[in-house]
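Tertiary structure, described
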Amino acid sequence: MTRPQAQNVAPIVDCRADFPALHQDVNGCPLVYLDNAASSQQPSSVIEAVANYHSHDHANVHRGVHTLSERATDAYEGARDKLQSFISASSRSEIVLTSGTTESINLVAQSFCRPKLAAGDKIVITHLEHHSNIVPWQLVCEQTGAELLVAPMNQDGEVDNESLENLLADDVCMLAIAHVSNALGTINPVKEIIAKAHALNIPVLLDGAQGVPHMRIDVQELDCDFYAFSGHKMFGPTGVGVLYGRETLLDAMPPYQGGGDMILEVSFDGTIYNELPYKFEAGTPNISGVIGLGAAIDYLISVGMANIAQHEEQLLEYMTEELKQVEGMRLFGTAKNKASVQSFLVDDIHSHDLGTILDHQGVAIRTGHHCAMPVMKFFGISGTARASLALYNNREDIDRLVEAVDRARALFA
Ligand SMILES: Cc1ncc(COP(=O)(O)O)c(C=O)c1O
C-alpha cells in the first residue's frame, strides 16, 4: 500500500548528525532506531566525554591526592551538580548515584521502607508498572508481612484515579508509581496524585525512567519524595542512574550497602557512616558512566527540554495517525496524556515475528512483554510490538516503520 509521505514538515529538533550510531545500514537498509524506551543512542559528546576520561583522567574518585584522581573526582562530582540542577533538587546531597532505576527503587524499598514496615502495612503501586517497580515491593512485603495493593487501569492504559485514591489510607507506607509507562506511554497525573497521598502523609516514589528523557523534571514542583531514573534512557551510558530523595528522608535512612566510601570511620567496635549522599554510595562507582551522564545532561540542555517535548508530541501524533491507517492494526496504550511510545499488534502476527521482519528492513523496535507482564495479561496478550521515539527521530522514520509493517502484513497474507 502506498501512502502520501509527509516529509516536508521541518522538525523542531534536528540533531541526527550528533548520533553516530544512527548513521549505519542494518540488513542492507539505513537504520531506523525506534527502541528508545529500552535504551537510547548516545551523542558524540557523551561518547567523547567517556573516552576522554578513559584516555586521560582515569583514576579512582574521592581517595587520591594525585592529579588524575582529582580530575576524575571533579568530573564525577561535577556531574552530580549538573543532575541536581537538571531536576531542580534543592541540594546535591539529594542526588544519590546508582546503577540505574532498578537499583534506585530497591534502595528505597530496603532502606526506607523495610525498617518501617510491619505485618498489615500496605504499599500501593499501579497495574501499569515495569517489573522494576513491582518486584522490589514484593520482596519487601515478603520480608515484612506487609501487603502490596495494586490500583487498576482502564482499557486506554490509564490508572483509575478514583480506585487509586480509595486505596490510599493511614496504613499505606509508600505509593510507588511510574511517571510514564514504558509499555503504554501513559503519563500519569503524578502531581495531583502526590498531593492526595501527601494529604494522608504517604510518601511517594516516582519511577521516572521514562519521564526524564521526554520532559522537564522539577522534583520540587512535583513534590515527590523519591524520583528514580537511568542514564541509558536519556542518551547517557548504561549502568548508571540516579535516586533523588528528599534530604530529610535520606538522612534518616540506614545505608543500603556497606563498603568503602560510605564511611567516615571504621573500627571493630562500629562504623560511623559518611554524610549524604555518600552514605548510599558504597564501593568504587561507575565513574565513566557518571561522567558520560553529565555530558548527556549538557546535551539535553543544549537541545532544550521544551523543544524535545514539543518535537516528540508532534511525532507521536503523526505516528499514531499513520499506524491507525494500517489495516488490522490494534493499538495498546491510548491514554489522553501520553509520551512518545506506542505499543501495537497487527492482524494475528506474533510480536516477535513482526520485530524480526522489521529488523530485516533496518527498523529496530522492541517486542515482547516489555518487563510489564501484568499489562500484557490485562489485555490478554503475550506481548506487543513497541515503537518508542526520541529527540532524533523524524517523520521519515515513522514512514519507514509503517512501510515495514505493511510489508510484514503482505508477507503473512
Ligand atoms: C518505567 C521503567 N522503570 C524501570 C526500568 C528499569 O530501568 P533500568 O533497567 O535502567 O534499571 C525501565 C526500563 O525499561 C522502565 O522503562
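These lines cover the structure that appears in this document, whether it is placed above or below.

Reading guide: rules and limits
- Residues numbered from 1 in each chain as written.
- Predicted model: local features only at pLDDT ≥ 70, side-chain atom pairs only at ≥ 80, totals over all residues.
- Heavy atoms only, no water.
- Helix = DSSP H or I, 4+ residues; strand = E, 2+ residues; numbered from the N terminus.
- Rg over C-alpha atoms; globule rule 2.2 N^0.38 Å.
- Buried < 20%, exposed > 50% of the residue type's maximum accessible area, 1.4 Å probe, protein only.
- Near = heavy atom within 4 Å.
- Polar contact = N/O pair within 3.5 Å; in protein donor to acceptor, adjacent residues only side chain to side chain.
- Areas by Shrake-Rupley, 256 points an atom, 1.4 Å probe, with all protein chains shown as cover.
- Nonpolar A, V, L, I, M, F, W, Y, C, P; charged D, E, K, R; others polar.
- 1 Å grid on protein atoms, 1.4 Å probe; cavity = no way out; pocket = protein on both sides within 12 Å on 5 of 7 lines; lining within 4 Å.
- Points joined across faces, edges and corners; volume = space filled by probe spheres on them.
- Phe/Tyr/Trp six-rings, centres within 6.5 Å; stacked < 30°, edge-to-face > 60°.
- Lys NZ or Arg CZ within 6 Å of the ring centre and 35° of its normal.
- Axes fitted to C-alpha atoms, helices over the stretch in contact; angles between N-to-C directions.
- Parallel < 35°, antiparallel > 145°, perpendicular 65-115°, else oblique.
- Left-handed = near helix turned anticlockwise from the far one by under 90°.
- Contact = heavy atoms within 4.5 Å.
- Pairing = 2+ DSSP bridges.

So, the overall build of the protein
- For the protein, the helix and strand inventory stands at 13 helices and 17 strands.
- Its C-alpha radius of gyration of 22 Å places the protein within 12% of the 22 Å reference for a compact globule of 413 residues.
- C-alpha atoms of the protein, sized along the principal axes, occupy 75 × 55 × 30 Å.
- In the protein, which comprises 413 residues, the share counted as buried stands at 57%.

What to know about the site of the ligand
- The local shell around the ligand consists of Gly100, Thr101, Thr102, His130, Ser132, Asn182, Asp207, Ala209, Gln210, Ser230, His232 and Lys233.
- Within the side chain of His232, a nitrogen or oxygen atom sits 2.7 Å from an oxygen atom of the ligand.
- In isolation the ligand offers 390 Å² of accessible surface; the protein chains occlude 85% of this area.
- Broken down by class, the residue content of the shell around the ligand amounts to one nonpolar, nine polar and two charged.

A word on empty space enclosed by the protein
- Inspection of the entire model under this criterion finds one cavity of 30 Å³ or more.
- Put simply, the largest cavity is a space of about 40 Å³.
- Forming the walls of the largest cavity are Asn36, Ala37, Ser40, Gln210, Pro213, His214, Lys233, Phe235, Leu389 and Ala390.

Quick look at the packing of aromatic side chains
- Tallied over the entire structure, the rule returns eight aromatic pairs.
- Summarising the aromatic geometry, the rings of Phe19 and Tyr299 are spaced 5.4 Å apart at their centres and angled 90 degrees between planes, so their arrangement reads as edge-to-face. Note that Phe19 is positioned in the segment before β1 (25-26) and Tyr299 in helix α9 (residues 287-303), a separation of 280 residues in sequence.
- Pairing Phe19 with Tyr392 gives two aromatic rings, centres 4.6 Å apart and planes at 65 degrees, and the pair type is edge-to-face. Here Tyr392 lies in the loop between β17 (384-388) and α13 (395-412) and Phe19 lies in the segment before β1, a separation of 373 residues in the sequence. Across the pair, Tyr392 and Phe19 agree in class, each one buried.
- The ring centre of Tyr318 lies 4.4 Å from the NZ or CZ of Arg395, which sits over that ring.

Focus: the packing of helix α1 (residues 44-57) against helix α2 (residues 67-86)
- At a closest axis distance of 10 Å, the pairing of α1 and α2 adopts a crossing angle of 165 degrees. With respect to each other, α1 and α2 are oriented roughly antiparallel. In this structure, α1 meets α2 at a crossing whose hand is left-handed. For the pair α1 and α2, the contacting residues are Tyr53, His56 and Asp57 in the first and Leu68, Arg71 and Ala72 in the second.

Things to note about the layout of surface pockets
- Within this model, the largest pocket holds a volume of roughly 420 Å³.
- Grouping the constituent residues of the lining of the largest pocket by class yields seven nonpolar, seven polar and seven charged.

What about the sheet that holds strand β13 (residues 329-332)?
- If you trace the four strands from one edge of the open sheet to the other, you get β13-β14-β17-β16, paired in antiparallel fashion. Whereas interior strands pair on both sides, the edge strands pair on one side only; in this sheet they are β13 and β16 (366-368). Geometrically, the sheet is characterised by an average inter-axis angle of 30 degrees between neighbouring strands, direction not taken into account.
- Looking at chain direction, β16 and β17 are connected through three bridges and run antiparallel. Note on β17: the bridge partner recorded for Arg366 is Arg386.
- Strands β14 (341-346), β16 and β17 of the sheet are contacted by helix α11 (residues 351-360), whose axis makes an angle of about 160 degrees with β16.
- The sheet contacts of α13 involve β13, β14 and β17, and relative to β14 the element is tilted by about 15 degrees.

Details of the environment of Gln24
- Mapped onto the fold, Gln24 is located in the segment before β1.
- Of the residues examined, Gln24 reaches a relative accessible area of 38% and is grouped as partly exposed.
- Taking the C-alpha atoms as reference points, Gln24 and Gly362, 338 residues apart in sequence, are found 9.5 Å from one another.
- When residues no more than four places from it in sequence are discounted, the contact partners of Gln24 are Cys29, Pro30 and Leu31.

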